[in-house]
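Below, each chain spelled out in residue letters.
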Amino acid sequence: MVRGERREEADRPVPGDGVPRQLWVDEPTTRARMADPVRTAAVRAVLIVSLTLIQAMVAFLCTLAGSWLAFPMVLSSVASTVVATWAVLDVWITRQVWKQRNGVVSEPSSSARALRRERRRARRAARTAAREDARIRRREGGDRGGRRVAEAEV
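Each value, and the rule that gives it
- Sequence order as written defines the numbering, with residues in each chain counted from 1.
- For this predicted model, a pLDDT threshold of at least 70 governs which residues receive local features, and a threshold of 80 or more governs which side-chain atom pairs are given and counted, while totals over whole chains, interfaces and linings are taken from all residues.
- To get the side-chain values, take all heavy atoms of the structure and skip hydrogens and water.
- Secondary structure elements follow DSSP: runs of H or I of four or more residues count as helices, runs of E of two or more count as strands, with numbering from the N terminus.
- For a helix, the expected span equals 1.5 Å multiplied by the number of residues minus one.
- Partly exposed describes any residue whose relative accessible area lies between the buried limit of under 20% and the exposed limit of over 50%, with all areas from a 1.4 Å probe on protein chains only and scaled to the type maximum.
- Put simply, a nonpolar core is a bunch of buried Ala, Val, Leu, Ile, Met, Phe, Trp, Tyr and Cys residues held in one set by side-chain atoms that sit within 4.5 Å of each other.

Student: How would you explain helix 2 (residues 70-102) if you had to name every residue and give the values?
Tutor: Helix length check: helix 2 (33 residues) gives 47 Å between terminal C-alpha atoms against 48 Å at 1.5 Å per residue, within 8%. Buried residues of helix 2: Ala70, Met73, Ser77, Ser80, Ala84, Ala87, Asp90, Val91 and Thr94, and no others. Downstream of helix 2 by a residue or two, glycine 103 has a phi angle that is positive, lying close to 80°.

This is the structure we're talking about:
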């Protein structure tokens, strides 16, 4: 079923006709799900970032309260911020590597791809025509003994 399309009344079970009503209907997704390595990196990054935010909040509250724990928490918050930044970059890098290794299905397909395809066809046709012309010239030159008329006269 396409998104936004209404279901027909005939498809729906009528209450009381003995057909159990479904809790949900599985519909195909419009986007493919993330690759497993990318998803793993994303989950790891979300956990690290959330723990870093909690740690920063605790450091802030300890600072306001004047607790002795404030200084160690601030130092560890700075360190975990570096780790969280790396975790987020890891998601991006893993995604790019996965795309390069496994290819990308673009939706909708790029118009630039069609232009490149047309240019390739034109270049291929030009090369084929040039080869045919060269072949014809060689055949014509072969009928006269392989030498040109101007060369024979000199």
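Student: Could you give me a rundown of helix 1 (residues 36-65), with the residues and numbers involved?
Tutor: Taking 1.5 Å per residue as the helical rise, helix 1 with its 30 residues ought to reach 44 Å, and the 44 Å between its terminal C-alpha atoms agrees with that figure. Just downstream of helix 1, glycine 66 is the residue with a positive phi angle, here 75°.

Student: Help me get a handle on the nonpolar core, residues and values and all.
Tutor: Nonpolar side chains in soluble globular proteins tend to be buried together. Judged by nonpolar contacts, Ala41, Ala42, Ala45, Ala87 and Val91 together constitute the single largest core of five residues. Sorting the residues of this core by element identifies helix 1 and helix 2 as the ones contributing at least two each. For this core, the leading source of residues is helix 1, giving three residues.

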